[in-house]
Amino acid sequence: MESEERRAADAFSVFLFGLGILLLILGPCAGFYEIATGLIALVACWVIAVTIRVFYFHGTRDERRSRYY
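Summarised in this report is the structure supplied together with it.

Right, let's get into the packing of aromatic side chains. Enumeration over the complete set of coordinates arrives at 2 aromatic pairs. An angle of 25° between the planes, with centres 6.4 Å apart, marks the rings of Phe 12 and Phe 15 as stacked. One end of the pair, Phe 12, and the other, Phe 15, are both in helix H1 (residues 3-30), 3 residues apart, so they sit about a helical turn from each other. Look at Phe 12 and you get partly exposed, because its relative accessible area is 42%.

Have a look at this one:
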């Protein structure tokens, strides 16, 4: 994978992690929904972010480590 694609996937996954935190904190504070719904939104965003990271980076091998094994 090229480094530009990797940086884009990194940025998107960090965005989703931050979005989950914002949904957990700002939604109940603004009165849009309760804290339980915010927690569900946090978990959903984090599941998507982790899935993207695993999908993009699980199959790549680190060439620096592979020559020693």
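This paragraph deals with the pattern of salt bridges. The tally for this structure, following the rule as stated, stands at 1 salt bridge. A salt bridge links Arg 53 to Asp 10, with the shortest nitrogen-to-oxygen separation between them at 2.5 Å. Residue Arg 53 is located in helix H2 (residues 35-57), and its partner Asp 10 is located in helix H1; the two are separated by 43 residues in the primary sequence.

Now for H1. The end-to-end C-alpha distance of H1, which contains 28 residues, comes to 39 Å, matching closely the 40 Å that a straight helix rising 1.5 Å per residue would cover. At Leu 23, H1 shows its strongest bend, of approximately 25°. Restricting attention to buried positions, one finds in H1 the residues Ala 9, Ser 13, Leu 16, Gly 20 and Gly 27. Those residues of H1 that are buried are in contact with H2. Count one or two residues on from H1 and you reach Gly 31, which has phi positive near 85°.

Reading the values: the criteria
- Residues numbered from 1 in each chain as written.
- Predicted model: local features only at pLDDT ≥ 70, side-chain atom pairs only at ≥ 80, totals over all residues.
- Heavy atoms only, no water.
- Phe/Tyr/Trp six-rings, centres within 6.5 Å; stacked < 30°, edge-to-face > 60°.
- Helix = DSSP H or I, 4+ residues; strand = E, 2+ residues; numbered from the N terminus.
- Buried < 20%, exposed > 50% of the residue type's maximum accessible area, 1.4 Å probe, protein only.
- Salt bridge = Lys/Arg side-chain N within 4 Å of Asp/Glu carboxyl O.
- Expected span 1.5 Å × (residues − 1).
- Bend = angle between axes of the 7 residues up to and from the residue.
- Contact = heavy atoms within 4.5 Å.

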